[in-house]
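So you can see what is in the structure, the chains are spelled out below.
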Amino acid sequence: MELIKVNLERETTKIINYLDKKKAWELGFIRYNLFKKMIMHITKIRSLYSVRKIFLHLVNKEIFLKKKNIVRSYLYMYRNPSTPKIHSKTITITFD
């Protein structure tokens, strides 16, 4: 099996443009398998390793939101680009 070198930034840009145009955030949380098929369609890459590598790159860049499912698996949602990235932090206040 021959591995194809993938330009992550170029492919990421193509995927983000496509998903923005299709308003993919309206799909809500869906399985990885559906995003895998979309990525394969957009990029024309058939290597499952490369597709997974691209997907994980998108997850790490917080393009996709990740939610744990009841059945020990995850669901993913494309993040609406107009909503800000929110990082929650815990603040402890003590009174003397």
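Throughout what follows, the structure given in this document is the object of discussion.

Cut-offs applied
Residue numbers run consecutively from 1 along every chain, following the written order of its sequence. Confidence filtering applies because this is a predicted model: local features only for residues at pLDDT of at least 70, side-chain atom pairs given and counted only at 80 or more, and all residues used for totals across whole chains, interfaces and linings. The side-chain figures draw on all heavy atoms in the structure; neither hydrogens nor water molecules are used. Strands are runs of DSSP state E lasting at least two residues, helices are runs of H or I lasting at least four, and both sets are numbered from the N terminus onward. Only protein chains enter the calculation, and the probe is 1.4 Å; a residue is then buried if its accessible area is under 20% of its type maximum, exposed if over 50%, and partly exposed in between. The contact definition used throughout considers only heavy atoms, calling two residues in contact when any of these lie within 4.5 Å. Only the protein chains shown count as covering a residue, and every accessible area follows the Shrake-Rupley method with a 1.4 Å probe. Patches draw on residues past 30% relative accessible area with no salt bridge. Two like charges within 9 Å are joined, as are two nonpolar side chains (Val, Leu, Ile, Met, Phe, Trp, Tyr) within 5 Å. Criterion for a salt bridge: a side-chain nitrogen of Lys or Arg within 4 Å of a carboxyl oxygen of Asp or Glu. None of His or the chain ends enter the tally, which takes Lys and Arg as positive and Asp and Glu as negative. The atom standing in for a charge is NZ when the residue is Lys, CZ when it is Arg, CG when it is Asp and CD when it is Glu. Think of a nonpolar core as a cluster: buried Ala, Val, Leu, Ile, Met, Phe, Trp, Tyr and Cys residues, connected wherever their side-chain atoms sit within 4.5 Å.

## Re the overall build of the protein
- The secondary structure content of the protein amounts to 3 helices and 2 strands.
- Mapped in sequence order, the helices and strands of the protein form the string α-α-α-β-β.
- The 96 residues of the protein split such that 33% are buried.
- For the protein, long-range pairs separated by at least 24 residues make up 56% of all intrachain contacts whose partners lie at least 6 apart in sequence.
- Carbon and sulfur atoms form 56% of the exposed surface of the protein, whose accessible area is close to 7500 Å².

## Here's the deal with a positive patch on the surface
- Taken together, the side chains of R52, K66, K68 and R72 define a basic patch exposed on the protein surface.
- In this structure, K68 sits in strand β1 (residues 64-68).

## With respect to the nonpolar core
- Formed by 20 residues in total, the largest nonpolar core has its most connected members in F55 and F64.
- Secondary structure elements with two or more residues in this core: α1 (8-21), α2 (32-43), α3 (48-60) and β2 (74-78).

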